[in-house]
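Chain by chain, the residues:
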Amino acid sequence: MTSRILITVATFILSATPLLARADAPVPMPKIGQVLKLDRVGIGRRSTVNTDSIEHAMALGLFAPPQAGGEVIAPEGTIHLWEVISPDEDDNYPPIGGGWAFTTVTVEQDSTWIFRGRGHRHVYINDEPRVGDLYNLGITSIPIRLHKGENTFLFKSGRGSLALAFTPPPADVFIETRDPTVPDYIRADRSLVNVGIIITNATDQWQSGYQVRTVSADSSIRNEVRTAVPMLPPYSTKKIPVQLPPCPSTDNETTSVSLQLLKNDTALNDPIEFTLKIRNSNQKHSRTFISSIDGSVQYFGVTPPPDATLESPAEPHALLLTLHGASVQGRGQSNAYASKEGMYIVAPTNRRPFGFDWEDWGRLDAIEVLYFAFKLFNADPAQTYLSGHSMGGHGTWSIGAYHAGRFAAIAPIAGWRDFWSYGGGGEFDTSSEVGRLLDRAANASRTLLMKDNYSDLGVYILHGDADDNVPPSQARFMRDLLANSHDNFAYYEAPGAGHWWGNKCVDWPPIFSMFGHSRINPKPHHVDFTTVDPAISSTRAWVTIQQQVIAREPSRVIAEYDAENHTVRIQPSNTAALSLDLTLFVSDDHPGLPDVRIAKQVMDSAGASFTRIDSGQWSTAEINPAHKSPARGGPFKDAFRNNMLAVVGTTGTPEENAWALAKARYDAETFWYRGNGSIDIIRDTDFDPANEPDRSIILYGNASSNASWQPLLATSPIQISSGHSSLDALTTDRNDLAVLMARPRPNSETAMIAVIGGSGITGMRLTNQFPYFTSGVHYPDWFIAEPDIYLKADAGVLAAGFFELDWSLGKSSVIGIPE
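These remarks concern the structure in this document. (Residues numbered from 1 in each chain as written. Predicted model: local features only at pLDDT ≥ 70, side-chain atom pairs only at ≥ 80, totals over all residues. Heavy atoms only, no water.)

## A word on a negative patch on the surface
No. 1: Together, Asp88, Glu89, Asp90 and Asp91 give the surface a local cluster of negative charge.
No. 2: You can see Asp88 is positioned in the loop between strand S7 (83-85) and strand S8 (92-93).
No. 3: Taking the relative accessible area as the measure of exposure, Asp88 reaches 39% and is therefore partly exposed. (Patch = residues over 30% accessible without salt bridge, like charges linked within 9 Å, V, L, I, M, F, W, Y side chains within 5 Å. Areas by Shrake-Rupley, 256 points an atom, 1.4 Å probe, with all protein chains shown as cover. Salt bridge = Lys/Arg side-chain N within 4 Å of Asp/Glu carboxyl O. Lys, Arg positive; Asp, Glu negative; His and termini not counted. Charge placed at Lys NZ, Arg CZ, Asp CG, Glu CD. Helix = DSSP H or I, 4+ residues; strand = E, 2+ residues; numbered from the N terminus. Buried < 20%, exposed > 50% of the residue type's maximum accessible area, 1.4 Å probe, protein only.)

## Focus on the side chain of Arg695
No. 1: Tracing the sequence through the fold places Arg695 in the loop between strand S44 (680-683) and strand S45 (697-700).
No. 2: The class of Arg695 is buried, set by a relative accessible area of 8%.

## Digging into the nonpolar core
No. 1: In terms of nonpolar packing, the biggest core is built from 74 residues, with Phe640, Phe770 and Phe783 touching the most fellow members.
No. 2: In terms of residue count, helix H8 (residues 654-675) provides more of this core than any other element does, six residues in total.
No. 3: Not counting chain neighbours up to four residues away, the residues in contact with Phe783 comprise Thr48, Leu438, Ala738, Val739, Leu740, Phe770, Ile789, Val797, Ala799 and Ala800.
No. 4: Counting residues in each nonpolar core, the second largest holds 41 residues, with Leu321, Leu370, Tyr454 and Phe489 among its members. (Core = buried A, V, L, I, M, F, W, Y, C linked by side-chain atoms within 4.5 Å. Contact = heavy atoms within 4.5 Å.)

## Examining the packing of helix H3 (residues 360-377) against helix H4 (residues 391-402)
No. 1: Where H3 contacts H4, the axes come no closer than 11 Å and their chain directions differ by 70°. The angle between H3 and H4 places the two elements in the roughly perpendicular class. Classified by chirality, the crossing of H4 by H3 is right-handed. Every residue of H4 that contacts H3 at Arg363, Ala366 and Ile367 is listed here: Ser398, Ile399 and Tyr402. (Axes fitted to C-alpha atoms, helices over the stretch in contact; angles between N-to-C directions. Parallel < 35°, antiparallel > 145°, perpendicular 65-115°, else oblique. Left-handed = near helix turned anticlockwise from the far one by under 90°.)

## Some details on a nonpolar patch on the surface
No. 1: Taken together, Ile73, Ile79 and Leu81 make up a surface patch of nonpolar side chains, about 300 Å² in accessible area.
No. 2: For Ile73, the location among the structural elements is in strand S5 (residues 71-73).

## Considerations on helix H6 (residues 472-482)
No. 1: Of all the residues in H6, the buried ones are Pro472, Gln474, Ala475, Met478 and Leu482. Buried residues in H6, looked at end-on, bunch into an arc of 155°, giving them a common side.
No. 2: Residues of H6 that are buried sit in contact with H4, strand S31 (458-464) and strand S32 (489-494). (Arc of directions from axis to C-beta.)

## What to know about the sheet that holds strand S41 (residues 609-612)
No. 1: One open sheet accounts for five strands, arranged S34-S35-S38-S41-S42; its pairing is antiparallel. Sheet topology places strand S34 (539-540) and strand S42 (618-620) at the edges, where each strand pairs with a single neighbour. (Pairing = 2+ DSSP bridges.)

## Quick notes on the sheet that holds strand S49 (residues 738-744)
No. 1: Taken together, seven strands build an open sheet; the order of strands is S44-S43-S45-S50-S49-S51-S52 and the sheet is mixed. What marks the edges here is a single partner per strand, and that holds for S44 and strand S52 (797-801). Across the sheet, the mean angle from the axis of one strand to that of its neighbour is 15°, orientation sign disregarded.
No. 2: In this sheet, strand S50 (residues 752-758) lies alongside S49 in antiparallel orientation, the contact comprising seven bridges. If you follow Ala742 over to S50, its bridge partner there is Ala754.

## Re unusual backbone geometry
No. 1: Note that the residue after Gly634, namely Pro635, is joined by a cis bond; omega there is 0°.
No. 2: Looking at the element boundaries, Pro635 is found in the loop between S42 and strand S43 (645-648).
No. 3: Even without a glycine there, the phi angle at Trp358 is positive, about 65°.

## Notes on the packing of aromatic side chains
No. 1: Evaluated as defined, the whole model comprises 39 aromatic pairs.
No. 2: Every member of this aromatic cluster is reached through a ring pair, and the members are Phe356, Trp361, Phe636, Phe640, Phe671, Phe770, Tyr772, Phe773, Tyr779 and Phe783.
No. 3: The ring of Trp420 is capped by Arg446, whose NZ or CZ atom sits 4.2 Å from the centre of that ring.
No. 4: Residue placement shows Arg479 over the ring face of Tyr491; its charged tip is 4.8 Å from the ring centre. (Phe/Tyr/Trp six-rings, centres within 6.5 Å; stacked < 30°, edge-to-face > 60°. Lys NZ or Arg CZ within 6 Å of the ring centre and 35° of its normal.)

## Quick look at the pairing of S50
No. 1: Summarising burial for S50: seven of the seven residues are buried, a large majority.
No. 2: What you see with S50 is no split at all: Met752, Ala754, Ile756 and Gly758 on one side and Ile753, Val755 and Gly757 on the other are buried throughout.
No. 3: The pairing of S45 with S50 spans four bridges and is parallel. Counted as the bridge partner of Leu699 is Val755 from S50.

## Structural notes on the pairing of strand S39 (residues 595-598)
No. 1: Residues Val596 and Ile598 of S39 are buried on one face, while the alternating residues Asp595 and Arg597, pointing to the opposite face, are not.
No. 2: Relative to S39, strand S37 (residues 567-573) runs parallel, the two being bridged by four bridges. What sits directly across from Arg569, in S39, is Arg597.
No. 3: Pairing of S39 with strand S40 (residues 601-603), which is carried by three bridges, proceeds in the antiparallel orientation. Counted as the bridge partner of Val596 is Met603 from S40.
No. 4: Hairpin connection from S39 to S40: two residues lie between these consecutive antiparallel strands, with Ala599 at a positive phi of about 60°.

## A word on the environment of Glu224
No. 1: Of note, Glu224 is situated in strand S20 (residues 224-228).
No. 2: Residues Glu224 and Leu259, spaced 35 residues apart in sequence, show a C-alpha to C-alpha distance of 9.7 Å.
No. 3: If near-sequence neighbours (up to four positions away) are discounted, Glu224 is found in contact with Arg213, Thr214, Val215 and Pro245.

## Remarks on the pattern of salt bridges
No. 1: The final tally for this structure, using the stated rule, is 32 salt bridges.
No. 2: Residue Arg540 pairs with Asp456 through a salt bridge whose shortest N-O separation is 2.3 Å. Note that Arg540 is positioned in strand S34 and Asp456 in the loop between helix H5 (433-441) and S31, a separation of 84 residues in sequence.
No. 3: A network of salt bridges, in which partner residues are shared, links Lys238, Asp680, Glu692 and Arg695.

By themselves, these observations are geometric and do not establish any function.
Following this line, the structure appears as C-alpha cells:
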C-alpha cells in the first residue's frame, strides 16, 4: 500500500507516515546513561572573547568524561561540581542554566541514528561539534554515527528543558518533513515558485546525483518540475531550494503538490503531499525568493491594498517594511495589519523568528525583501516607510539609521536602541590595544553613532507605559535625544499598555497619518550622512562614502548644493574616498555639472569620485576596484554572503581533515538553525577557482591542510600552515593558534574569502565555538588567538587588525603581533 506524508502548510502542523524503510535489521535503541550537570564556568555574552573552562579543555583535547562530584575551576577561580540530574515523567531534564550537561549513550553495535535534542546551544558527540536547539523549537534533527559501546554527549546550555531522542534513519538519503519554507500560491500566477526542503544524508559518504521531483495535480499546466540536489557531506542535513509547478487553474482555496526524491530516475520515497493555500492578489499572503546571501529560500509576508491585482500596479504605491519581534513569524507580523488603500505592507523574517535581531544577516534579509517588493509592487521611493515592534523596534532604529535615505519616516514600537542598553553588548578591556580594537569593531551595533541620520526622517515613537519586557525608558531616552531636533516627530506612551496590546499597537492610525504626509525629497540640497561601515551602508541621496580612513569609526559627509552659485560644498570626516551623483543638479539653467569644493579645495567636477591623498588634500580619482569598497570591504563576517561556498581541506593530517569537515558541517547547521540558511559544502579536491568567481569562499584549514589555499591566498600577507604563522616578515612556529581572516577573492570585485583555521589541530578546534553567527558579535578583518582566550578573554588574543585599503597588512592596523 502506498503511504503519503501530508504537510499542511497553512498551519505548519506536520502529519506524517513513515518514509520507505531501510533494509537493515533492527538495532536495539541507544541507552542513555547518567546525566550530569555543571553550572556556568565562564562568562558568555555578545562578544568575540567569551570565557569557558570546558571549551578551553575541549580545544586542548583535555576534556575527560566527568564523575558526579568532580570539580571544575572557572576562569575567575571559583570551583564548581558536576551533579546528577534526573528526568521528569516526560523524560525531560531540568534546564542547564548557562552551564553544561554530560552523558553517555551506549549502543550494541556501530550504527547510525537520527538524534533529536532540545534545550541546548550545541553538543559535542564523541568530541565533534553538532548544532543544538537553542530556542527549544523542536526542529533540530541530525544524523550521527555511534560506535559500539559508550559514546560521549557534552551539551552546552540553551533555553528550556534538555531532551534527548533517537530514531533510526528511514533511508540512506531522504527528504525531511520538518521546517519547510513554503509560500502561498497566488491565483492565476503561472510562474514557478520556490520552497525550502531539508534533505538528510545518513551515510558516511559524500552523496550526489539526486533530484527532487514535484508534481501538481493539475495536468493543464506544467505539472512536473525537477530540482537537482547539491552535494551532501557525510552525516549532514541541508535545506535546499526546490521548485514547485505553477499555481493550478482552480477556484479552490487550497491545492496539493507531491514531492519525491529521485536517484537515476528511481523514486526513493513515497509521495510527500504539500497542501498550499491559494490566495487572491488582494488577500494577505506569503511569497518566497532565493537569497543572494547563500542561495537559500526565504519568505516574506504581504498585506496588499484592497485593489491589488496580479499585475504590478501601473501607478507607484506606498510601501511599509515592517519588522517583527522575537519569536514572531514574518507572516504573523504582516497579518497584524488591516489592508491600506494605496500601500503594500511587507514583512521580512530576520531569517528566523529570533534570527539576528535585525542586524547582520537579518538586516540583509530586510534589504533583500525591500528590493523584491520594489520590483513586484511598483513601490514609490518617496513613500517608503519602516516600522517594527520590540526586536523589530530595535531593527527600525538600526536599519533606519544605516539606510535612512531609503525611508521617508520610521516608527519604532516598543523598541530598544542597542545591545548595551538591552541584551548585553560585548565589553572589552579598553586599556589594552586589543581591547580597543575589538571595541571599535563592535561599533557596527552602536546605533547612536549614526543618530544624525534620523534628522530629516519622520519619527514616530510608540510604547506602552506598562511594558515589562522592553522598559519605557528605552523610548524616553530616544525621545529626549531626538525630539528637539526634529520638525516631523511624534511620541506617544499608551497608558496602561504592556508590551503587546493587540494588533493596534503596530497598526496604529497616528503612525499612518505621519506616513501620509512624509515624503523623501529625491533631490535634497543638503545631505548629512554618517556610516560606521560602507560595506553595510554607503549611500544617501547623491553622496556615497566609498572608503574610511579608520575602519569602523564613524565616517561623516555633510554636503550642500548652492543652487545660486551652482556649487557643491563637501565637509568629510574619517572619509578616504567618496563619490557624488552631480547629474541631479544639471538643468536648463545649469547645463553643466556644478563646481565641487571639498573642505576648501576646488575639485575637477568632470569626475564624480574623489580620493583623499593626505589629511588636507583630495584628488579626482576613482578607487581601485581591487581595493576595499562598499561592494567588498570586510570585516570578517562580511565574507558570509555572495552565495557563499564552504571548502574543506583534505591535505592535512587525518585529524585536521576530520576537523575541517566537522567544523564546516557544524557551521552550516548553525546557520540553518539561526538563519534558515543553506551553505553548500565541497572538498578542496572538488573546488575549481575558475568557477563562479564572484562567489564568496569559506575556507576551512590552512595552507598545509587545504589545497585551495594556494590559488586563493598565495598573496595574502598573513600565511598560516601547520606549525607556522607569518604576518609579513614576522613569524611564529606555534601550532596552537586559531585564525579568522577575511581576504578579497582573486579575479572578483565583490567576492571574499573567509579563513577559519589554525596553525595546528589545537588552534583549529579553538575556532569551534567562536560566535561569529551571533548578532552583535563583531570581528575585525583578521583575528589570531591562543587557547587561553577561553580563560583570559581579551588577553588571549595575540593579534588582530583591519587591513589597509589596498588589503595590505599595514603596521598601523596590526595589534600585538606574536614574536
